[in-house]
Amino acid sequence: MLHHISCGDFYAFETEAMLLKIAIQPAIRLCFREDYPKLVTNADEAHFVFPVVISPNETTYSHSPMGGCTSVQLDTLTALRAPFECAVAFSTSKIGPATNILSAKAVFIPNIFSYACVVERQEAGYVRVAVVEAPPMELTITAKFLGNSQVSNAVGASAFHFAMRVVESEVQLSDVDRVSTILSVIVPSYQVRHVTVVGCPGDIVSVFDARSPASSNPAANKFFNVKLNVKAAALWSDLSEKCALTVENTVTGQSVRVPVRIRIVGQAAKQVYKALDSTGFFDFALIFLQHYSWIIPSLMWICALGVISIAGYWFVRRRVWEREGIFNDTTTLKSPSTSMLSNPSVSMQSSPSGLIRPITCVRSLLSWAQWKWDAFLF
């Protein structure tokens, strides 16, 4: 009967062989650590570890039966058979035995320095059940010592919830023949309102709750309408290539990633730019800010500083610069004709011919900017 193992190495110099010394104490009882999982599901690739304490008496609850062992020595114990076996069962089963859905095996786990019962989805001989009608159940996990019935068993209880299953392995969208599609989920009826879908970054797709379509999977009972945002997909092609939906269940903590394959056909991207140019700059600004939301606070500060600067300039101009006699300017006290003759630069600035050159420059700049924008679009 195994409880505590003390590992020590010594070398036989004559044979240069490494020997292992093991000290064994008898076991009296088995029990699970108090922090074992309180919820179990049959989700794919989900593993639930129930560490087993092998105690030499009725009061010791040390969860580390190995002492003084190196990592290499602990790894070798994984190949040895555990001194107990694990089993699972439903307290009140309405869908058959738990072994049709779950498997339990006794293993040694080096990183926690302990034996444990590992519960996971049953892969061999898995029996399909009606998931939609499945209720929440209580699962009993038992660790039974081998070869000695006098060692008390470890017994633990956890809540069991059936895992949801997403029908579609991927979602395909196109700007030509499939702008929207349906995502179907099979989930117990009491978990339906706890299932949500998170879309892609950059608002590439929009996700809404949907009713059961006519061509849906008959076993599915939760549906989402996934709609492609063509403008965002064309503008942010890098995000479109990495787009994936995340289906989450808050009851079980399950999260399923569904890739989204987006196909933009032909000159769709150019058409998007044309549409943005024809409908106005506002739509483009909205999409840009959705993609780069972190820049919004900086833009707000820049706008605030711009408003303050304009207000300050207007105040100085109205209150200071346009007030007569300021800065000891005596030319304003002279007659208009004398002032014009003594300050020819003023007459040049106020004459219509003096404004021709600035206006021509502004028109040239605007024409050049329009030409560059047209070249960018086409």
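Residues numbered from 1 in each chain as written. Predicted model: local features only at pLDDT ≥ 70, side-chain atom pairs only at ≥ 80, totals over all residues. Heavy atoms only, no water.

A. Seen up close, the sheet that holds strand β4 (residues 39-41). The 4 strands lie next to each other as β4-β11-β10-β7, forming an open sheet whose pairing is mixed. Of all the strands in the sheet, just β4 and β7 (84-90) have a single pairing partner and so form its edges. Sheet twist, expressed as the mean angle between neighbouring strand axes with direction ignored, is 35 degrees. Bridge analysis of strand β10 (residues 137-145) against strand β11 (residues 154-161) gives 7 bridges, and the strand direction is antiparallel. The residue bridging Met137 from the neighbouring strand is Phe160, located in β11. (Pairing = 2+ DSSP bridges. Helix = DSSP H or I, 4+ residues; strand = E, 2+ residues; numbered from the N terminus. Axes fitted to C-alpha atoms, helices over the stretch in contact; angles between N-to-C directions.)

B. Region of the structure containing the nonpolar core. Counting residues in each nonpolar core, the largest one holds 41 residues, and the members touching the most others are Leu30, Phe32, Phe50, Phe84, Cys117, Leu139 and Phe160. Going through the elements one at a time, β3 (29-32), β5 (47-55), α1 (71-77), β7, β8 (102-109), β9 (114-121), β10 and β11 are the ones with two or more residues in this core. Considering every element that reaches this core, the biggest residue donor is β10, with 5 residues. With residues near it in sequence (within four places) discarded, Phe50 still touches Phe32, Tyr36, Pro37, Val40, Ala116, Cys117, Val119, Ile141 and Ser158. (Core = buried A, V, L, I, M, F, W, Y, C linked by side-chain atoms within 4.5 Å. Buried < 20%, exposed > 50% of the residue type's maximum accessible area, 1.4 Å probe, protein only. Contact = heavy atoms within 4.5 Å.)

C. Structural detail: the packing of aromatic side chains. Counted under the stated rule, the structure contains 7 aromatic pairs. Pairing Phe32 with Phe50 gives two aromatic rings, centres 5.9 Å apart and planes at 65 degrees, and the pair type is edge-to-face. Here the residue Phe32 occupies a position in strand β3, and Phe50 occupies one in strand β5, the gap between them amounting to 18 residues. Through pairs of rings, three or more aromatic residues link up here, namely Phe32, Tyr36 and Phe50. Note that Lys38 overlies the ring of Tyr36, its terminal NZ or CZ placed 4.1 Å from the centroid. (Phe/Tyr/Trp six-rings, centres within 6.5 Å; stacked < 30°, edge-to-face > 60°. Lys NZ or Arg CZ within 6 Å of the ring centre and 35° of its normal.)

D. Examining a nonpolar patch on the surface more closely. Judged by side-chain polarity, Trp314, Phe315 and Val316 come together as a nonpolar surface patch covering roughly 320 Å² of accessible area. With respect to the helices, strands and loops of the structure, Phe315 is situated in helix α6 (residues 296-321). (Patch = residues over 30% accessible without salt bridge, like charges linked within 9 Å, V, L, I, M, F, W, Y side chains within 5 Å. Areas by Shrake-Rupley, 256 points an atom, 1.4 Å probe, with all protein chains shown as cover. Salt bridge = Lys/Arg side-chain N within 4 Å of Asp/Glu carboxyl O.)

E. Local environment of the environment of Ala163. Within the element layout of this structure, Ala163 appears in the loop between β11 and β12 (165-166). Separated by 88 residues in the primary sequence, Ala163 and Val251 place their C-alpha atoms 9.4 Å from one another. If we ignore the near neighbours within four places in the chain, the residues touching Ala163 are Thr41, Asn42, Ala43, Val131 and Gln254.

F. The environment of Cys243, seen in detail. Assignment of secondary structure puts Cys243 in the loop between α3 (237-241) and β18 (244-249). Non-local contacts of Cys243, meaning those with residues more than four positions away in its chain, are made with Cys200, Ile204, Val205, Pro259, Val260 and Ile262.

G. Region of interest: the state of the cysteines. Counted under the stated rule, the structure contains 2 disulfides. Sulfur-sulfur distance for the disulfide between Cys86 and Cys117 comes to 1.9 Å. Taking the sign of the torsion about the S-S bond as the criterion, the disulfide between Cys86 and Cys117, at about -80 degrees, is left-handed. Residue Cys86 is located in strand β7, and its partner Cys117 is located in strand β9; the two are separated by 31 residues in the primary sequence. Here the two residues Cys86 and Cys117 agree in accessibility, since each one is buried. Linked covalently through their sulfurs, Cys200 and Cys243 form a disulfide whose S-S length is 1.7 Å. One disulfide, between Cys200 and Cys243, carries an S-S torsion of 65 degrees and so falls in the right-handed class. (Disulfide = S-S within 2.5 Å.)

Remember, this is a structural readout, not a statement about activity or role.
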